[in-house]
Structure formats: structure tokens, C-alpha cells
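Tertiary structure, described
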Amino acid sequence: MSQPPAYRREQPGSQPASHSPGYVSTIARSPRQPLVILPHTLSEITGPVYGHARIGPLDADLTRQHEGEPLGERIIVSGRVLDENGRPQPGTLVELWQANSAGRYIHVRDQHPAPLDPNFTGAGRTVTDENGVYRFVTIKPGAYPWRNHPNAWRPPHIHFSVFGPSFVTRLVTQMYFPGDPLLAFDPIYNSVADPKAAARMISQFDLATTVPDWALGYRFDIVLRGRDATPMEA
Amino acid sequence: MAETPLVETPWQTVGPFFHYALPFEGGERLATGATPGTHIIVEGRLLDADGAAVPDGLIEIWQANAAGRYSHPEDSQDKPLDPDFDGFGRTPTDEEGWFRFYTVKPGAVPGRDNAPQAPHICISVMGRGILRRLVTRLYFADEAANAYDPVLGLVPEERRATLIAAPGGDGTTYRLDIRLQGDNETVFFDI
């Protein structure tokens, strides 16, 4: 058997540091020993092919999961899942979760005194089509306070979870909104030290996917780790 | 390394509020009664620098079936596939930091250059305060093949024990605690 075609190693500076003291919870939850570099084996170049059977027809439309419509600004979030070589990733599971328009999660541990919305859960899932495209209908999440430091506010964001074709390509990120003044103060966003790299988490307003008289469109392409261009033979 | 046209999107923490979105029913149960192989429980606690429980962690595992084959198109080994075993598990940690999976012991899969690897389970650790996934592996203490495993061989000898799960008295429960920092910090891999 030839050597498994490996994935590229991480591009330096593209990812947050696990130990980012501005985000206080990382201090006791990040390793101090150096990571051990693991050359990819069959265990890493394979990964879960999961979820297709569990997708319901309303899972990608967060505005239609209840009796009535949720309050807030209706938006369409769409984009492509690509690898670093620009190749679309079809058939991959995309999961998302978010706060409601008032900045409150339905989660029991969220004690922010903002109203829950009986018509909004804030969780969705879909599978990318043959061109790697996904599309969600939802409402724009609100900002909310947290206890990281005095007067700390999370910028509005949507959590994304993506599998891609292998264990290596797994990605969980947060999508932010363009022009948000809170980004400059957010230690989670700024845990990605290189501003150019951090900006890859900001969606773009997109008139082309905006539906007239109905909802604003935001585009957010998600890039997963790509294959090495030159697979090595054993 | 050549420049790539695109660069991987940055990781961000799953935060504390993923519980209503990511865990799914049966996520901790990879094997059913009919799954071929040795049925085992893999469990442990997720602990922080002070040895305190991490009650808002999320653990995912990825493993081969009992025959040593991954349920994935790129595993072309001539070994049986089990249509009911996809090899993926996901569970949140509980209030005391416990996670627990019901699965079968994976068979051995080949490593690079066809060097044999000891049976192992791939683990992703996520949670509030964990900005990017931490990757580790679980090996089984009762496997002689551990001595020759090429990945364990990359790990400084004095730290290998952090990857090796000990069987409990019943012989079917393997425990591996994951220590994010501090004494006996778990070995995490850069993949």
C-alpha cells in the first residue's frame, strides 16, 4: 500500500493559541507541554461520515421550527465549504447554533436577563450539496454580556461545526458579522493574533443572496485543511 | 511548504452553550448488541490544571471496527465492514467531568509504511476555555503491541502512560482521564 496521502500541516499563525490569557478560561484549560507532531496515518486521513440520516427537512431553517416566527432580523447565511486547495467539499455535515435576537441562548446555564423566544431554538444542521454549498435561514443573533472581564460583551456570532472528509479536517468555529465594533474588544475573536487570519471568521453582507422584501444575505465560506499537493509513495 | 490558495478557517471554542445543538441521542453508544467484537466501555474524567472537573467539555471519538477497518471510503483494506458501526461517538462531559462510550475494542490498523499500529481510539477534546480542539489517542494497557507502536514511540517515555487506558476489574471497562494541564498532563498531538 502506498503512503496515505497526507493533509497539509497547519499554516503558521492561522489558528488561535490554546493558551490565550485574555480569554480567562483558557488559563487552566490549555496544555503547557509541547504538542507531539503526529505524521498522518489511516486513522487521521479517515473520519466520521456522519449525520445524513439524521437531517430533517426543517433543520436548515431556524425560523420554521416552531408554531410562530421568531423575533428579530431574518437573515440567510450561506457559503461554501472548501479545502485549502479551493476544492468544494460536498456531502459534509454542517451544524450551527446561536443566541436569539436578544442575545440569549435557550441553554439552562445562560442566565443573561434577556428574553427567551418561544419560537426560536437556535440550532440547525444541513449537508453541503455537490458544489460544497450550504444555506441556512435564521435570525441575526444579539450580543450578550459574559463574565470574562468587567463590561465584557460577546459580539453577535453563530457557532459552526463541520466534519469534512477526515479526522484532520474537523473544524468548529464562530462566524461574526462585518463592521461589528465589539470585535476589537473580544478576546475569543482576538485569540487569532494575526488580524488577517482572524478576519477569515467574518461573514460578508451579500446582496446577491439577499431575498427582496424578505431577508438579508450573509456569505461565509469555510475552509478546511487541504491535502498535500504531492502525495509521497512509500 | 508551498503556499496554498486558501488557509484553514480559525478554530474557536464551542463555548458553554453547545448542549442543545451538538450532542445527539445515542452519541455515546457506538455499538449495539449485534456489533461483532469485544464490547467495552471507555470512560474517564476531563480535568483542568488544578485537577478540577471540566463539566462543560465535549468529547468526540473516532475508531476502527473490531476487525481493524474504518467505516470510510479511503480505508480499502480487505477486512469486513459492519454497516451498523460507524466508529464515531460524541458526548458532553457531566457535572463531574465524566465521559463514557459504549463501543467495541478496535482492531489494529496499519500505520505509515505499513508499520503496525497498536489498537487505538482517536479523541477530540473541546469545551469552554478550549479555543481549538485538543487531539489525543487512547491505547489499551493489555496490548503487547503498544511496545512497538510508532506513534507511542514519538512520545517521551515518561509521558506515554497518559495515553494508556487501564482495564477495570470487570475486564471490559477501560478508564483514561484527560488532564488538560499540570501533573501528568495528557499528551496532545499536532495533527
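Residues numbered from 1 in each chain as written. Chains lettered and ligands numbered in written order. Predicted model: local features only at pLDDT ≥ 70, side-chain atom pairs only at ≥ 80, totals over all residues. Heavy atoms only, no water.

**Side note on the pairing of strand β7 (residues 164-167) of chain B**
Residue and element names in this part refer to chain B.
- Examined bridge by bridge, strand β6 (residues 130-140) and β7 share 2 bridges and lie parallel to one another. Directly across from Phe140, in β7, lies its bridge partner Ala165.
- Sheet topology note: the β7/strand β8 (residues 173-175) ladder contains 2 bridges and is antiparallel. The partner of Ala166 across the bridge, within β8, is Arg175. (Pairing = 2+ DSSP bridges. Helix = DSSP H or I, 4+ residues; strand = E, 2+ residues; numbered from the N terminus.)

**Section: the interface of chain B and chain A**
- At the interface, 71 residues of chain B touch 87 residues of chain A.
- Roughly 7300 Å² is buried in total at the junction of chain B and chain A, and carbon and sulfur atoms are behind 56% of that figure.
- For the interface between chain B and chain A, the tally reads 9 salt bridges.
- We note a salt bridge from Glu10(A) to Arg132(B), for which the minimum N-O separation is 2.5 Å.
- Remark: the boundary between chain B and chain A carries 47 residue pairs in polar contact (both at pLDDT 80 or more).
- Residue assignment for the side of chain B that touches chain A shows that the elements contributing at least two residues are β2 (57-62), β3 (88-92), β5 (120-127), β6 and β10 (189-190) of chain B.
- Ranked by residue count, the leading element in the side of chain B that touches chain A is β6(B), at 7 residues. (Contact = heavy atoms within 4.5 Å. Buried area = accessible area lost by both parts, 1.4 Å probe. Salt bridge = Lys/Arg side-chain N within 4 Å of Asp/Glu carboxyl O. Polar contact = N/O pair within 3.5 Å; in protein donor to acceptor, adjacent residues only side chain to side chain.)

**Let's talk about the environment of Phe189(B)**
- Checked against the element boundaries, Phe189(B) lands in strand β10.
- For Phe189(B), a relative accessible area of 3% puts it in the buried group.
- Measuring from C-alpha to C-alpha, the distance between Phe189(B) and Val155(B) comes to 9.5 Å, with 34 residues separating the pair along the chain.
- Beyond its immediate sequence surroundings of up to four residues, Phe189(B) is in contact with Leu35(A), Val36(A), Leu38(A), Val135(B), Thr136(B), Arg137(B), Val151(B), Val155(B) and Leu163(B). (Buried < 20%, exposed > 50% of the residue type's maximum accessible area, 1.4 Å probe, protein only.)

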